[in-house]
Structures are given as structure tokens and as C-alpha cells.
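Here's the letter readout for the chains.
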Amino acid sequence: MSLELEPFWMPFTHNRMFKKSPRLIERGEGMHYQTSDGHRVLDAISGLWCSNAGHRHPKIVQAVKDQLDELDFTAPFQSGHPKAFMLAEAIKKISPAGLNHVFLTSSGSEACDTALKIALAYHHSTGEVQRTRFVGHEKGYHGVGFGGISVGGIDANKKAFKASLLPGTLHLPHTHNLSKMAFSKGQPV
Ligand SMILES: Cc1ncc(COP(=O)(O)O)c(C=O)c1O
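> How should I be thinking about the sheet that holds strand 1 (residues 25–29) in this particular structure?
Within a beta sheet, neighbouring strands are joined by backbone hydrogen bonds and run either parallel or antiparallel to one another. Reading across from one edge, 1-2-3 is the order of the three strands in this open sheet, with antiparallel pairing throughout. Across the chains shown, the open sheet's two edge strands, defined by having one partner strand only, are strand 1 and strand 3 (40–42). Averaged over all adjacent pairs, the angle separating strand axes in this sheet is 30°, with direction ignored. In the sheet, strand 1 pairs with strand 2 (residues 32–35) via four bridges, with the strands oriented antiparallel. In the strand pairing of strand 2, I25 is matched with T35.

> Explanation requested: the domain arrangement of the protein chain in the structure shown.
How big an interface is tends to be stated in terms of the accessible area lost upon association of its parts. In terms of domains, the protein chain is made up of domain 1 (1–56) and domain 2 (108–172). Each of domain 1 and domain 2 has a C-alpha centre, and the two are 31 Å apart.

> For this particular structure, what's the right way to read the site of the ligand?
Taken together, the residues surrounding the ligand are W49, S107, G108, S109, C112, Y141, H142 and G143. The separation between an oxygen atom of the ligand and a polar main-chain atom of G108 is 2.7 Å. Alone, the ligand offers 400 Å² of accessible surface; in the complex the protein occludes 60% of this. With three residues, the single largest contributor to the shell around the ligand is helix 5 (residues 108–125). In the shell around the ligand, the residues fall into three nonpolar, five polar and no charged.

> Would you explain the side chain of K19 in this entry?
Summarising the element assignment, K19 is placed in helix 1 (residues 15–20). Despite its burial, K19 remains without a salt bridge, the nearest opposite charge being carried by E6 at 4.6 Å. For K19, the side chain forms a polar contact with the main-chain oxygen of F8, separated by 2.6 Å. Not counting residues within four places of it along the chain, the set of residues in contact with K19 comprises L5, E6, F8, W9 and M10.

> Where do I start with unusual backbone geometry in this structure?
Keep in mind that most residues, glycine aside, have a negative phi and that most peptide bonds are trans. The phi dihedral of S46 falls on the positive side, at around 45°, and the residue is not glycine. By secondary structure assignment, the location of S46 is in helix 2 (residues 46–49). Despite not being glycine, Q78 has its phi angle at roughly 65°, a positive value. Topologically, Q78 is positioned in the loop between helix 3 (58–70) and helix 4 (82–94). According to the relative accessible area criterion, Q78 is exposed, its value standing at 84%.

> How should I be thinking about the pattern of salt bridges in this particular structure?
Where charged atoms from two side chains of opposite charge approach closely, those side chains can pair. In the structure shown here, the tally under the stated rule is four salt bridges. In this structure, the salt-bridge partner of R56 is E29, at a minimum N-O distance of 3.6 Å. Of this pair, R56 sits in the loop between helix 2 and helix 3 while E29 is found in strand 1, placing the two residues 27 residues apart along the sequence. Given a relative accessible area of 56%, E29 falls into the exposed group.

The rules we used
Residues numbered from 1 in each chain as written. Predicted model: local features only at pLDDT ≥ 70, side-chain atom pairs only at ≥ 80, totals over all residues. Heavy atoms only, no water. Pairing = 2+ DSSP bridges. Helix = DSSP H or I, 4+ residues; strand = E, 2+ residues; numbered from the N terminus. Axes fitted to C-alpha atoms, helices over the stretch in contact; angles between N-to-C directions. Domains from an automatic or database assignment. Near = heavy atom within 4 Å. Polar contact = N/O pair within 3.5 Å; in protein donor to acceptor, adjacent residues only side chain to side chain. Areas by Shrake-Rupley, 256 points an atom, 1.4 Å probe, with all protein chains shown as cover. Nonpolar A, V, L, I, M, F, W, Y, C, P; charged D, E, K, R; others polar. Buried < 20%, exposed > 50% of the residue type's maximum accessible area, 1.4 Å probe, protein only. Lys, Arg positive; Asp, Glu negative; His and termini not counted. Salt bridge = Lys/Arg side-chain N within 4 Å of Asp/Glu carboxyl O. Contact = heavy atoms within 4.5 Å.

Printed below as a string of C-alpha cells:
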């Protein structure tokens, strides 16, 4: 198979370097991947936590196939799909008391930006419109949306966007502080 690598702009990847020597993964089964040059590789981070039950778990494969046979997509605006309600109820059941509503998103970045918006909208609706400050953590990662990189504490992710980030966002010091950890020895700085 001849593959044109240029059009796909890869996130968090040195594109020029990757495309000189691409590492392509073609298949997966259980805890292993198979690369295009035939190597079996242990997927030690469960597909960046997206395939925690293992790759191509038969039950998940079957459920996805069954769903595609029934309905591929319906918008959640002014109409709804019964299974979205079932999922929300299932999440509510395993959540701590008081966490009883679920807003579904498609990614962690979208989830973080949505959570920030819900917090602002809550204070707006109770009349406390002045409550707009967010507090994050140095080195925290909350995705790549504008809200997420604002409350996040990774400077490299903010570099090109500093002038456009959420104003008034504060960051607590990172808990990993070697100079103040008298009993930490031999850790990388
Ligand atoms: C705490 C947290 N927020 C946001 C994200 C971003 O998720 P996504 O890559 O799905 O946008 C991650 C992903 O690792 C995360 O761990």
C-alpha cells in the first residue's frame, strides 16, 4: 500500500521527523499492536486510555457492529437517542452522591472546556457574574482547547496563544518540588 503521509497533520508529534521514519500500527488484539512491518508491540498505555478493555474485545466489536446496524447517528439537539439516556443513567449510578447529571462530549479537551463553561454558566444563572476565575495547577494537562490550555500548566502548549487565553486564570504550584521534599532522593530534576 502506498501511503501519502503529508496531508495528515499529526498532533503532539514532530511531523517532519515522524514522516521520515513513520511508525505505523495496523492491527490490534488484546494488549498488543501489530506494526506495518510485522512487529508485535505491547500497548502499555491502552491506546492512550481509549481501549482499556483491550483492542478488539469481542463484546465491544459486536456491540459497535450491532449499533451500526440499528442507527449510526442522530443529533442530540431537540431529539434524542435512547442509549444516550441509558448511558447517562448508568454513569449516574456509579458516581458519588450528588453527581447526578451527565453531559456527553467527544474528547477530553471538549470535556474540560465544557466543564469550565458549565461553571461560568452556573454562576451567571445565580447572579454571581463576577465569579469568573479558574484555578489550575502548574504542569496540569487539560487538553488543547482554549479553556484547557488556559487552566492547564504546560507552557509549551500556551506559547503561541498567550495573548488569547482565558484572563485571570491562576495556577497553584506543582506538588512535585524536589527542593522542598527533604526525603526525595535520586529523582530526575
Ligand atoms: C485531565 C485531562 N484533560 C484533558 C485531556 C485531553 O483529552 P483529549 O486528548 O481527548 O482531548 C486529557 C487527556 O489525556 C486529560 O488527561
